[in-house]
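Take a look at the letters that make up each chain.
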Amino acid sequence: MDEEEKGYNWETEYERSWEALQEDAQGSLQAAVDDIALRARRRRIIDRPSNIRLGMMRHLFIVVDLSLAMEETDMWPTRLDVTQKLLKDFLSEFFNQNPISQVGIIVTKNGRAEKITNLSGNSSLHLGTLKEAAVCAGEPSLQNALKLATDSLKHMPGHSSREILVLLGSLTSCDPGDIFQTVDEMKSLNVQCSIVGLAAAVHVCRRICQLTQGTYNVCLDETHFRDLLFSHVPPPPAESGMEASLIRMGFPQHHAGTAPALCAW
């Protein structure tokens, strides 16, 4: 009798995640979904390592693969559609946790790379420009994309981090030369490169991330893709040799005056 009440062994291997969803008075699940998202955000914050010096100012270029491989439907409806949707949430969370950091977007297709947005804190500009440029064609060029990002990041001040995050759906890359020459330049400039693959593991990608102190992962599905993408939201540990300098900051003050003044509406 006890065995019947307990059920089958294989049933205990699965969590009944749907039981955690409770409808509100209007019959909506939005409140439950928002609560799950909030708990996930808190869990990511709690899991951060403590007593580590983090970089406050970050300069990050996101390289988006726009090759024909991004039209694959192993993620619904396509890899590109899922990437755009997750980037919207990623940028919102990124600027929430890194308010004085900047992001730029680079796309690669047809063996070329193009910087469609410069470094800025305007997430709406990034998403709108990427949506307009989201036409897949040909093969990506990983070397051209890394070179373009590195040339833009090398002018950034030494007290800020220089990062590249590549979202790569293709298993091939059409490069004009030796990609490891570009990687050597990235190392000399302390540019960190991380790659999230959407297809399968590629040795050259893993090697690039190892040499630049970045991370390389391949997602299993959309949920895993989101987790890997959001792992790049928290600031990375600051380099031991990173320059330290004071930054002048201003805070507006309210003063009530009696003398007439010009105002702009």
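This text goes with the structure placed above it.
Residues numbered from 1 in each chain as written. Predicted model: local features only at pLDDT ≥ 70, side-chain atom pairs only at ≥ 80, totals over all residues. Heavy atoms only, no water.

## Digging into the packing of aromatic side chains
The description of an aromatic ring pair rests on the distance of the ring centres and on the angle between the ring planes. Quick reminder of the rule: In summary, the pairing rule links any two rings of Phe, Tyr or Trp, Trp by its six-membered ring, whose centres are within 6.5 Å, and it sorts them by plane angle into stacked for under 30 degrees, edge-to-face for over 60 and tilted for everything else. Each residue is placed in one exposure class: buried if its accessible area under a 1.4 Å probe, protein chains only, is under 20% of its type's maximum, exposed if it is over 50%, and partly exposed if it falls in between.
Within this structure, the stated rule accounts for three aromatic pairs. Each ring, one from Phe94 and one from Phe95, has its centre 5.5 Å from the other, and the planes form 85°; the classification is edge-to-face. Of the two residues examined, Phe94 and Phe95, each falls in the buried class. Among the aromatic residues, ring-to-ring pairing joins Phe90, Phe94, Phe95 and Phe230 into one connected group.

## Some words on unusual backbone geometry
Which entries qualify depends on this criterion: Labels follow the DSSP assignment, with helices taken as runs of H or I lasting at least four residues and strands as runs of E lasting at least two, numbered in each case from the N terminus.
For the peptide bond that leads from Trp76 to Pro77, omega is -5°, which places it in the cis range. By secondary structure assignment, the location of Pro77 is in the loop between β1 (58–65) and α3 (79–97). Unlike most non-glycine residues, Asn110 shows phi in positive territory, near 55°. For Asn110, the position within the fold is in the loop between β2 (102–109) and β3 (112–120). Of note, the phi angle at Asn190 is positive, near 60°, even though the residue is not glycine. Looking at the secondary structure, you find Asn190 in the loop between α6 (179–188) and β5 (191–197). Taking relative accessible area as the criterion, Asn190 reaches 57% and is therefore assigned exposed.

## Looking at the pattern of salt bridges
Pairs may arise between side chains of opposite charge once their charged atoms sit close together. Here is the rule we go by: Counted as salt bridges are all cases of a side-chain nitrogen of Lys or Arg within 4 Å of a carboxyl oxygen of Asp or Glu.
Under the defined criterion, the tally for this structure stands at seven salt bridges. Residues Arg58 and Glu163 are paired through a salt bridge, measuring 2.8 Å at the closest nitrogen-oxygen approach. Note that Arg58 is positioned in strand β1 and Glu163 in strand β4 (residues 161–168), a separation of 105 residues in sequence. Accessibility expressed as a relative area gives 2% for Arg58, which makes it buried. Residue classification places Glu163 among the buried residues on the basis of a relative accessible area of 7%. The closest approach of N and O atoms between Asp151 and Lys154, which form a salt bridge, is 3.9 Å. Connected through shared salt-bridge partners, Lys147, Asp151, Lys154 and Glu185 make up one network.

## Quick word on the packing of α3 against helix α4 (residues 123–133)
Just so we agree on the cut-off: Simply put, an axis is a line fit to the C-alpha atoms, just over the touching stretch for a helix, and the angle between two N-to-C directions goes from 0 to 180 degrees. Here roughly perpendicular refers to angles of 65 to 115 degrees, roughly parallel to angles under 35, roughly antiparallel to angles over 145, and oblique to all remaining angles. By definition, any crossing whose near helix is turned counterclockwise from its far helix by less than a right angle is left-handed, and any crossing with a clockwise turn is right-handed. In what follows, a contact means two residues having at least one pair of non-hydrogen atoms within 4.5 Å. Amino acid classes used here: Ala, Val, Leu, Ile, Met, Phe, Trp, Tyr, Cys and Pro are nonpolar; Asp, Glu, Lys and Arg are charged; the rest, including Gly, are polar.
Closest axis-to-axis distance for the α3/α4 pair is 10 Å, and the angle between their directions is 165°. The pairing of α3 with α4 is recorded here as roughly antiparallel in orientation. The way α3 lies across α4 gives a crossing that is right-handed. Residue-level inspection shows Gln84, Leu87, Lys88, Leu91 and Phe95 of α3 in contact with α4, the latter providing Ser123, His126, Leu127, Leu130 and Lys131. Residue composition of the contact of α3 with α4, grouped by class: five nonpolar, three polar and two charged.

## As for the nonpolar core
Soluble globular proteins tend to pack their nonpolar side chains together in the buried interior. Counted only if it meets this: Residues belong to a common nonpolar core when they are buried Ala, Val, Leu, Ile, Met, Phe, Trp, Tyr or Cys residues joined through side-chain atoms within 4.5 Å.
Of all hydrophobic cores here, the largest spans 30 residues; its most connected members are Ile62, Val64, Leu87, Phe90, Leu167 and Phe225. Per-element tally for this core: the top contributor is α3, with eight residues. Among all residues touching Val64, those that are not within four sequence positions of it are Thr83, Leu87, Ile105, Ile106, Val107, Thr108, Leu130 and Leu167. Ile164, Val191, Cys205 and Tyr216 belong to the second-largest nonpolar core, a separate cluster that totals 25 residues.

## Digging into α3
Cut-off, in case you're wondering: What a helix should span is 1.5 Å times the count of its residues minus one.
With 19 residues, α3 extends 26 Å from end C-alpha to end C-alpha; this agrees with the ideal 27 Å at 1.5 Å per step. Among the residues of α3, Arg79, Leu80, Val82, Thr83, Leu86, Leu87, Phe90, Leu91, Glu93, Phe94, Phe95 and Gln97 are the ones counted as buried.

## So, α4
As a reminder of what qualifies: Note that the arc is computed from the directions linking the helix axis to the C-beta atoms. What qualifies as a polar contact is a pair of N or O atoms within 3.5 Å, subject to a donor-acceptor requirement within protein and to the restriction that residues adjacent in sequence count only when both atoms come from side chains.
All of the buried residues along α4 are His126, Thr129 and Leu130. Summarising the axial view, the buried residues of α4 lie within an arc of 100°, below the 170-degree limit, and thus occupy one face. Opposite the buried face of α4, by more than 90 degrees, sit the exposed residues Ser124, Lys131 and Glu132. The opening residue of α4 is Asn122, an N-cap whose side-chain oxygen sits 3.2 Å from the backbone nitrogen of Ser124.

## Comments concerning the sheet that holds β4
Applied cut-off: The pairing criterion for strands is at least two bridges between them, as found by DSSP.
If you walk across this open sheet you meet the six strands as β3-β2-β1-β4-β5-β6, and the pairing is mixed. This sheet does not close on itself; its edge strands, each paired only once, are β3 and β6 (216–218). When strand polarity is set aside, the average angle formed by the axes of neighbouring strands in this sheet is 15°. By the bridge criterion, seven bridges tie β4 to β5 in an arrangement that is parallel. Along β5, the bridge assignment pairs Ile164 with Cys193.

No statement about biological role is implied by the geometric values presented.
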